[in-house]
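# Descriptive structure summary
Residues per chain, in single letters:
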Amino acid sequence: MLEPELLATNQAIVARMDSPVALIPQLAVHLVAAGGKRLRPLLTLAAAKLCGYEGARQINLAACVEFIHTATLLHDDVVDESVLRRGFASANAVFGNKASVLVGDFLLARAFELMVEDGSLEVLRILCSASATIAEGEVLQLTTQNDISTTEQKYFDVIRGKTAALFAAACEVGGVIAERPAAQKAALAQFGMDLGMAFQLVDDALDYAADEAELGKTVGDDFREGKLTYPVLLAIAGADSRELEFWTRTIGEGEQSEADLVTALAFMQRHNAIQRSIARADVFVESACVALAAFPESPMRTALEDTARYTTARRF
């Protein structure tokens, strides 16, 4: 349904990654080879088609969204000291931290070039705001790291910023270029926000539940990094004194042994934390689908609803 537009978007991405500085395209080729589903740019393409847009602006805007996303991944992997990304060695593991940070900056600059070229102040506002919100979400997550008193509300603030904001922006700009009414643009933003929340909840659950080859990163990374994700928060909320001592030592104080991940998984299972995380994601998925009721039924609306519902079924 979107194959021609996605092909054109991929071509735009490759073209804009070019640079006379050899290391930049080298690292870019590494990123492209690592794949990824291009979910966020696909949302821009799908939203534009849902709104009946018949021009070509969505191509460069989809590429712009992917550049923002990829830049944040490059920076995140440096911050998290990750060695795997989508089953491949992460860029920082291959090229080093300095190159990864600087190429991330390059991609952000390319994203802003694309926004300016589009010429819409509303598009510029939406994507600039999302970029700032992503950074805020990442910084907020940094402040919650190793803090076992982190609240559920603060966790949701983190994922709303670091993940869901770009999903919302990716969808909303599709409505902007189609010049849809404010109510429909807001509905697209709500769909993206809810989908992004569900996506991150599932991602956090997968860190403890997925097969490593399927997940494309080392299982238990969040635990080792002391991240207070939803499964951990649920386990802490129901913890007895012995369990609380465990979480205080392993997450709060960062003192871990090789066997601690197995114990953490057992405590999560005791409190049904993974299944409850997925159930919470399902609530956001249904909310996302309700938002699409602002549009008449169509194959593209059905495809977006199916995409949302697939979120909680992926890789289990």
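This one's a predicted model, so the numbers in the text were calculated from it and none came from an experiment.

Definitions and limits used
- Residues numbered from 1 in each chain as written.
- Predicted model: local features only at pLDDT ≥ 70, side-chain atom pairs only at ≥ 80, totals over all residues.
- Heavy atoms only, no water.
- Salt bridge = Lys/Arg side-chain N within 4 Å of Asp/Glu carboxyl O.
- 1 Å grid on protein atoms, 1.4 Å probe; cavity = no way out; pocket = protein on both sides within 12 Å on 5 of 7 lines; lining within 4 Å.
- Points joined across faces, edges and corners; volume = space filled by probe spheres on them.
- Helix = DSSP H or I, 4+ residues; strand = E, 2+ residues; numbered from the N terminus.
- Nonpolar A, V, L, I, M, F, W, Y, C, P; charged D, E, K, R; others polar.
- Contact = heavy atoms within 4.5 Å.
- Axes fitted to C-alpha atoms, helices over the stretch in contact; angles between N-to-C directions.
- Parallel < 35°, antiparallel > 145°, perpendicular 65-115°, else oblique.
- Left-handed = near helix turned anticlockwise from the far one by under 90°.
- pLDDT = per-residue confidence, 0-100.
- Phe/Tyr/Trp six-rings, centres within 6.5 Å; stacked < 30°, edge-to-face > 60°.
- Buried < 20%, exposed > 50% of the residue type's maximum accessible area, 1.4 Å probe, protein only.
- Core = buried A, V, L, I, M, F, W, Y, C linked by side-chain atoms within 4.5 Å.

This next bit is on the pattern of salt bridges. For side chains bearing opposite charge, pairing can occur when the charged atoms are close. Evaluation of the coordinates by the stated rule reveals 15 salt bridges. When salt bridges with common partners are traced through the structure, they connect D222, E225 and K227 into a single cluster.

Counted under the stated rule, the structure contains two cavities of 30 Å³ or more. The space that makes up the second largest cavity amounts to roughly 70 Å³. For the second largest cavity, the full set of lining residues is Q141, T144, T150, K154, Y155, V158, K162, D204, K227, L228 and T229. Elements represented by at least two residues in the lining of the second largest cavity include exactly α7 (121-144) and α8 (152-177). The biggest single contributor to the lining of the second largest cavity is α8, with four residues. Residue composition of the lining of the second largest cavity, by class: three nonpolar, four polar and four charged.

Attention now moves to the side chain of T163. Mapped onto the elements of the fold, T163 is located in helix α8. Leaving out residues up to four positions away in the same chain, T163 has contacts with G196, F199 and Q200.

Bringing the layout of surface pockets into the picture now. Quantified by volume, the second largest pocket comes out at close to 380 Å³. What lines the second largest pocket is a set of 19 residues, among which T72, H75, D76, A135 and E138 lie closest to the centre. Only α4 (57-80), α6 (97-118) and α7 provide two or more residues apiece to the lining of the second largest pocket. Across the lining of the second largest pocket, the residue classes tally to ten nonpolar, five polar and four charged.

At their nearest, the axes of α8 and helix α9 (residues 182-209) sit 7 Å apart, and the two run at 140° to each other. Between α8 and α9, the crossing angle belongs to the class labelled oblique. In this structure, α8 crosses over α9, and the sense of that crossing is right-handed. A breakdown of the residues in the contact of α8 with α9 according to their chemical character gives 17 nonpolar, five polar and five charged.

What follows deals with the packing of helix α3 (residues 39-50) against α4. Geometrically, a packed helix pair is captured by the angle between its two axes and the distance between the axes. Between α3 and α4, the least distance of the axes is 8 Å, while the angle of their chain directions is 155°. With respect to each other, α3 and α4 are oriented roughly antiparallel. Handedness of the α3/α4 crossing: right-handed. Contacts between α3 and α4 involve R40, P41, T44, L45 and A48 from the former and Q58, I59, L61, A62, V65, E66 and H69 from the latter.

The predicted model of the protein has a mean per-residue pLDDT of 92, with 93% of residues at 70 or higher. Within the protein, α8 carries the highest mean pLDDT (98), whereas helix α10 (residues 212-215) carries the lowest (52).

Following the criterion strictly, the structure yields ten aromatic pairs and no others. For the ring pair F167 and F199, a centre distance of 5.4 Å and an interplane angle of 45° mean the geometry is tilted. Separated by 32 residues along the polypeptide, F167 in helix α8 and F199 in helix α9 bring together distant segments of the chain. A relative accessible area of 0% places F167 in the buried class. Take F199: its relative accessible area is 15%, and that puts it in the buried class. Seen in terms of ring centroids, F246 and W247 are 5.1 Å apart; in terms of plane orientation they differ by 75°. Their pairing is edge-to-face. Note on accessibility: F246 and W247 belong to one class, buried. The rings of Y155, F156, Y230 and F284 are connected pair by pair, giving a single aromatic cluster.

It is worth spelling out the nonpolar core at this point. Counting 94 residues, the largest nonpolar core has L43, L107, L127, F191 and W247 as the members making the most contacts within it. Discounting residues that sit within four places of it in the chain, L43 has contacts with F167, A170, C171, F191, L195 and L304.

Right, let's get into unusual backbone geometry. Positive phi values are uncommon outside glycine, yet E179 reaches one of about 55°. Using a relative accessible area of 70% as the deciding quantity, one classes E179 as exposed. Even without a glycine there, the phi angle at N272 is positive, about 55°. Here N272 shows up in the loop between α14 (260-270) and α15 (273-291). In this structure N272 comes out as partly exposed when scored by relative accessible area, which is 36%.

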